[in-house]
Amino acid sequence: MSKFKKKSDGGLPPISTASLPDIVFMLLFFFMVATVIKEDNLMVENKLPSADQIEKLDKKNPISYIYIGKPSRNYQSKFGTADRIQLNDKYAQVEQVKAFLSTERAALREELIPRLTIAMKVDSDANMGIISDVKQVLREENALKINYTTRKGDAVAKN
Amino acid sequence: MAKRAAPEVNAGSMADIAFLLLIFFLVTTDIAVDSGLNRKLPPKQEDLEEKPPIIKERNIFQLNVNKNNSLFVKTGGEEKTIKLTDLRKEAVAFLDNGGGIGDDACKQCKGKKNSKSSDNFQKAIISLQNDRLTKYSTYIAVQNEILAAYNELRDREFKRMYPNLGVNFVQANAAYNDPGTEPEDKAKLKDKLRIIKDLIPQKFSEAEPKKN
């Protein structure tokens with residue numbers, strides 16, 4: 001009696017999975033390279049409204065982001081639930097938008113400054129008051145190209 | 001003692017580890033391109049020396065969104081509340097009215113030619129005022145509908161003037177803005193887009209919101 005049974009001949013040889021890790025690593029590297037890690041850590045709620053007359057934001061032109069919304073849930077005990085502006089990764093007051101714009105502009109080459117687009121990422125539940133204030137500052141600072149960032153979808157149905 | 005060969009490291013779990021990482025990056029990747037409504041703010045008003053030009057009331061589509069997010073419109077000699085779903089239709093009817101006579105006559109307009117509504121595309125102005133408590137999503141919906149009304153008319157005129165291109169205004173504009181489009185195609189589109197934009201200018205003004 002043998003300890004090990006002799007393998008029966010004639011069966012299909014098992015498919016080699018030795019190259020599987022290579023394939024998976026290849027995919028992994030692709031996604032690692034393609035991933036853009038978010039620049040700004042969101043501190044406000046940011047559920048964008050939807051619209052269907054949208055245009056793509058031209059990445060050739062410089063873009064600055066302004067986030068507006070209620071503080072996220074873990075900041076609400078400290079900062080309340082009134083709408084806030086977020087610039088870079090700090091809460092800001094309307095007056096600070098001006099300073100933000102000058103730092104953003106200082107980082108750009110001169111010929112790009114008039115092409116700076118301000119992308120407004122505003123929560124759907126925010127009130128227009130704070131947005132109008134920001135828009136007034138942008139007008140005074142002559143940053144006239146703005147983009148209301150939205151998701152693609154039906155604008156009317158949600159209201 | 002006999003020298004033992006180092007045991008081979010089992011690489012069987014390598015695939016599992018790689019899969020785990022792969023799934024992590026798959027989930028966190030956000031390939032979506034930012035898109036939205038492009039608008040241009042009016043430049044800051046210097047102290048006006050001269051009076052602003054007088055605009056006939058029939059050429060203004062006065063739209064007001066109050067703090068309860070209802071829409072109120074004043075145009076063509078009537079004032080009424082309208083639903084968001086009807087806004088696009090109403091705006092198109094206003095812009096396309098073509099009630100002008102003589103020099104102001106509008107050849108391309110296909111509207112009702114109501115003498116109490118807008119003269120032509122160039123004269124028609126849509127004005128929007130909102131309250132400080134208006135919800136942002138309503139504001140975006142209104143902006144979207146107004147832009148849709150302009151795009152609808154621009155599409156129509158673009159197709160009428162350049163039927164051979166097989167695209168509408170919005171598609172042509174997207175192609176023009178696409179960095180992948182060939183420069184010669186861009187040059188061809190540029191003038192055509194300009195003509196349509198001049199024919200139907202976006203005269204859409206936003207008043208400063210009411211304080212309360």
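Asker: Help me understand the overall build of chain A in this model?
Answerer: Of regular secondary structure, chain A possesses four helices and eight strands. Tracing chain A from N to C terminus, the helices and strands come up as α-β-β-β-α-β-β-α-β-α-β-β. Residues counted as buried form 28% of the 159 residues belonging to chain A. At a minimum sequence separation of 6, the contacts of chain A that also span at least 24 residues come to 77%.

Asker: Hey, could you run me through the interface of chain B and chain A in this one?
Answerer: Interface extent is often summarised as the accessible area lost during association of the parts. Between chain B and chain A, the contact holds 48 residues from the first and 49 residues from the second. Residue assignment for the side of chain B that touches chain A shows that the elements contributing at least two residues are α1 (14–28), β1 (35–40), α2 (84–95), α3 (136–161) and α4 (169–177) of chain B. Here the element with the most residues in the side of chain B that touches chain A is α3(B); it accounts for eleven residues. Of the residues that constitute the side of chain B that touches chain A, the class distribution is 25 nonpolar, 13 polar and ten charged. Here five bridges tie strand β7 (residues 145–149) of chain A to β1(B), and the two strands are oriented antiparallel to one another. Following the sheet pairing, A:Asn147 is matched in β1(B) by B:Asn38.

Asker: Sorry if this is basic, but what is going on with the environment of B:Ile82 here?
Answerer: All names here are of chain B. Here Ile82 is to be found in strand β4 (residues 78–82). In this structure Ile82 comes out as partly exposed when scored by C-beta crowding, with 15 C-beta atoms within 10 Å. Beyond its immediate chain neighbours, meaning those up to four positions away, Ile82 contacts Leu71, Val73, Leu87 and Glu90.

Asker: I tried to follow the packing of helix α1 (residues 20–34) of chain A against α1(B) on my own but got confused; where do I start?
Answerer: When two helices pack together, their arrangement is given by the angle between the helix axes and the distance between those axes. Axis separation between α1(A) and α1(B) bottoms out at 9 Å; the angle between their running directions is 25 degrees. Relative to α1(B), the element α1(A) is oriented roughly parallel. The two elements α1(A) and α1(B) meet at a crossing, and its hand is left-handed. Between α1(A), through A:Leu20, A:Pro21, A:Val24, A:Phe25, A:Leu27, A:Leu28, A:Phe31 and A:Met32, and α1(B), the contact on the second element is made entirely by B:Met14, B:Ala15, B:Ala18, B:Phe19, B:Leu21, B:Leu22, B:Phe25 and B:Leu26. Class assignment of the residues belonging to the contact of α1(A) with α1(B) gives a composition of 16 nonpolar, no polar and no charged.

Calculation notes
- Starting afresh in each chain, residues are numbered from 1 along the sequence in its written order.
- Labels are handed out in written order, letters beginning with A for the chains and numbers beginning with 1 for the ligands.
- Totals for whole chains, interfaces and linings use all residues, but because this is a predicted model, local features are given only for residues with pLDDT of at least 70 and pairs of side-chain atoms are given and counted only at 80 or more.
- Note on conventions: DSSP H or I runs of at least 4 residues are helices, E runs of at least 2 residues are strands, and numbering of each starts at the N terminus.
- Labels follow a simple rule on C-beta atoms placed from the backbone: if 20 or more others lie within 10 Å of a residue's own, it is buried; if 12 or fewer, it is exposed; otherwise it is partly exposed.
- Contacts are defined on C-beta atoms placed from the backbone: any two residues whose C-beta positions lie within 7 Å are in contact.
- Under the scheme applied here, ten amino acids are nonpolar (Ala, Val, Leu, Ile, Met, Phe, Trp, Tyr, Cys and Pro), four are charged (Asp, Glu, Lys and Arg), and all others, including Gly, are polar.
- Paired strands, as defined in this entry, are two strands with at least two bridges between them according to DSSP.
- Only C-alpha atoms enter the line fits that serve as axes; for helices the fit covers just the stretch in contact. Angles between N-to-C directions range over 0 to 180 degrees.
- The scheme is simple: roughly parallel for angles under 35 degrees, roughly antiparallel for over 145, roughly perpendicular for 65 to 115, oblique for anything else.
- For a crossing to be left-handed, the near helix must be turned anticlockwise from the far one by less than a right angle; the clockwise case is right-handed.

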